[in-house]
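Examining the three-dimensional arrangement
In case you want the letters, here they are:
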Amino acid sequence: MARPLIGVSTYLESAVRWGVWELDAALLPAGYPRLVQRAGGLAAMLPPDDPAHAAAAVARLDGLVVAGGPDVEPVRYGAEREPRTGPPARARDAWELALIDAALTTGVPLLGICRGMQLLNVALGGTLVQHIDGHAEVVGAFGTHAVKPVPGSLYAGVVPEETLVPTYHHQAVDRLGEGLVPSAYADDGTVEAVELDSGGWVLGVQWHPEMGKDVRVMGALVHAATV
């Protein structure tokens, strides 16, 4: 059986250096494609593009991952920017929102990771908390904390027990988007995973599975993309 093709959204950064080069580059931390590969999929990078092309891109995929990255611009959920919110990434916001819309419309299995979960919530009309403490304790270093699944949820069907997960974020879901329900929580009550309550394989996780050894979440996406 052919491996399913899993698209992963990427950064688009200016003046990136490697070797003798300093050029604009489409970037994706290697943990993402490696996790897709370990889970049995083929990884394809999806750098920001004209949102009008998102539906055509998703139509060629078996599954979609919206990766972590910069803060979602608050105007996307009707809020004013707070001091600790990062600079906007407008091209990436527009592209990934269009990818999410296409996946939801066509039923392509969708996994949102960190920013990807937050953007999924915004795409469905939800809002975000622009800063929380305790989920990114050291700048530039991933931490860990416990995540508890909600019994009966899609996520609990994949990871039924409480687990320690790699984490690095300072924003979180506030008001849930239409049709989304929580499927995991942190000890402090932060929503750590969301999913659709109407069926279909759509899951958002606040943590970074690509930085850990547990392949179950990505494996579930790959399995859903295979059937």
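This text gives an overview of the structure that appears in the document. Keep in mind it's a predicted model, so treat the numbers as computed, not measured. (Residues numbered from 1 in each chain as written. Predicted model: local features only at pLDDT ≥ 70, side-chain atom pairs only at ≥ 80, totals over all residues. Heavy atoms only, no water.)

Details of the pattern of salt bridges
Scanning all chains against the criterion turns up 8 salt bridges. The residue Glu22 makes a salt bridge to Arg17 at a minimum N-O spacing of 3.5 Å. Classification of Glu22 as partly exposed rests on a relative accessible area of 45%. A cluster of three or more residues bridged by salt bridges with shared partners is formed by Arg92, Asp93, Glu96 and Arg115. (Salt bridge = Lys/Arg side-chain N within 4 Å of Asp/Glu carboxyl O. Buried < 20%, exposed > 50% of the residue type's maximum accessible area, 1.4 Å probe, protein only.)

Side note on a nonpolar patch on the surface
Nonpolar side chains collect at one region of the surface, where Trp18, Val20, Trp21 and Leu23 lie side by side and expose about 470 Å² of accessible area between them. Along the polypeptide, Trp18 turns up in strand β2 (residues 11-18). Given the relative accessible area of 41%, Trp18 is considered partly exposed. (Patch = residues over 30% accessible without salt bridge, like charges linked within 9 Å, V, L, I, M, F, W, Y side chains within 5 Å. Areas by Shrake-Rupley, 256 points an atom, 1.4 Å probe, with all protein chains shown as cover. Helix = DSSP H or I, 4+ residues; strand = E, 2+ residues; numbered from the N terminus.)

As for the side chain of Glu96
Relative to the assigned elements, Glu96 resides in helix α3 (residues 90-106). Side-chain polar atoms of Glu96 contact the side chain of Ser9, separated by 2.7 Å. A polar side-chain atom of Glu96 sits 2.6 Å from a polar atom in the side chain of Arg92. Each residue touching Glu96, except ones within four places of it in the same chain, is listed here: Ser9, Thr10, Val66, Arg115 and Leu119. (Polar contact = N/O pair within 3.5 Å; in protein donor to acceptor, adjacent residues only side chain to side chain. Contact = heavy atoms within 4.5 Å.)

Overview of the nonpolar core
In terms of nonpolar packing, the biggest core is built from 30 residues, with Val65, Leu111, Tyr155 and Met218 touching the most fellow members. Of all elements in the fold, only β1 (5-9), α1 (31-38), β6 (110-113), α5 (154-158), β13 (202-205) and α6 (216-226) reach the threshold of two or more residues within this core. Ranked by residues supplied to this core, first place goes to α6 with 7 residues. Residue contacts for Leu111: discarding those within four places in its chain leaves Leu64, Val65, Val66, Trp201, Leu203, Val205, Val217, Met218 and Leu221. Residues Val72, Val108, Val173 and Leu196 belong to the second largest nonpolar core, which totals 29 residues. (Core = buried A, V, L, I, M, F, W, Y, C linked by side-chain atoms within 4.5 Å.)

Comments concerning the pairing of strand β8 (residues 143-149)
The side chains of a regular strand alternate, first on one face of the sheet and then on the other. When β8 meets strand β9 (residues 163-167), the two strands line up antiparallel, connected through 5 bridges. Directly across from Ala146, in β9, lies its bridge partner Leu164. (Pairing = 2+ DSSP bridges.)

Quick notes on the sheet that holds strand β11 (residues 180-186)
Hydrogen bonds along the backbone pair up the strands of a sheet, which may run parallel or antiparallel. Strand order in the open sheet formed by 9 strands is β4-β1-β5-β6-β13-β12-β11-β8-β9, with mixed pairing between adjacent strands. Whereas interior strands pair on both sides, the edge strands pair on one side only; in this sheet they are β4 (42-46) and β9. Across this sheet, the average inter-strand angle for adjacent strands is 25°, counted without regard to direction. Pairing geometry for strand β12 (residues 191-196) and β13, over 3 bridges, is antiparallel. Each bridged residue has a counterpart across the sheet, and for Glu195 the counterpart in β13 is Leu203. Running at roughly 115° to β6, helix α4 (residues 115-123) makes contact with β5 (63-66), β6, β11, β12 and β13 of the sheet. (Axes fitted to C-alpha atoms, helices over the stretch in contact; angles between N-to-C directions.)

Let's talk about the packing of aromatic side chains
Centre distance and the angle of the planes are the two values used to describe a pair of aromatic rings. Within this structure, the stated rule accounts for 2 aromatic pairs. Ring centres of Phe142 and Tyr168 lie 5.8 Å apart, and the angle between their planes is 55°; on these two criteria the pair is classed as tilted. Within this pair, whereas Phe142 is found in the loop between β7 (128-129) and β8, its partner Tyr168 is found in the loop between β9 and β10 (172-173), the two being separated by 26 residues in sequence. The class of Phe142 is partly exposed, set by a relative accessible area of 39%. (Phe/Tyr/Trp six-rings, centres within 6.5 Å; stacked < 30°, edge-to-face > 60°.)

Quick look at the side chain of Thr85
By secondary structure assignment, the location of Thr85 is in the loop between β5 and α3. Side chain to side chain, Thr85 and Gln130 meet in a polar contact 2.4 Å long.

What about the environment of Leu46?
With respect to the helices and strands, Leu46 occurs in strand β4. By relative accessible area, Leu46 is classed as buried at 11%. Through-space distance from the C-alpha of Leu46 to that of Leu23 is 18 Å; in sequence the pair is 23 residues apart.

Details of α4
For α4, a buried count of 8 out of 9 residues is recorded, marking the element as mostly surrounded by other parts of the structure. Along α4, the residues that are buried comprise Arg115, Gly116, Met117, Gln118, Leu119, Leu120, Asn121 and Val122. In the stretch just after α4, Gly125 is the one whose phi turns positive, near 90°.

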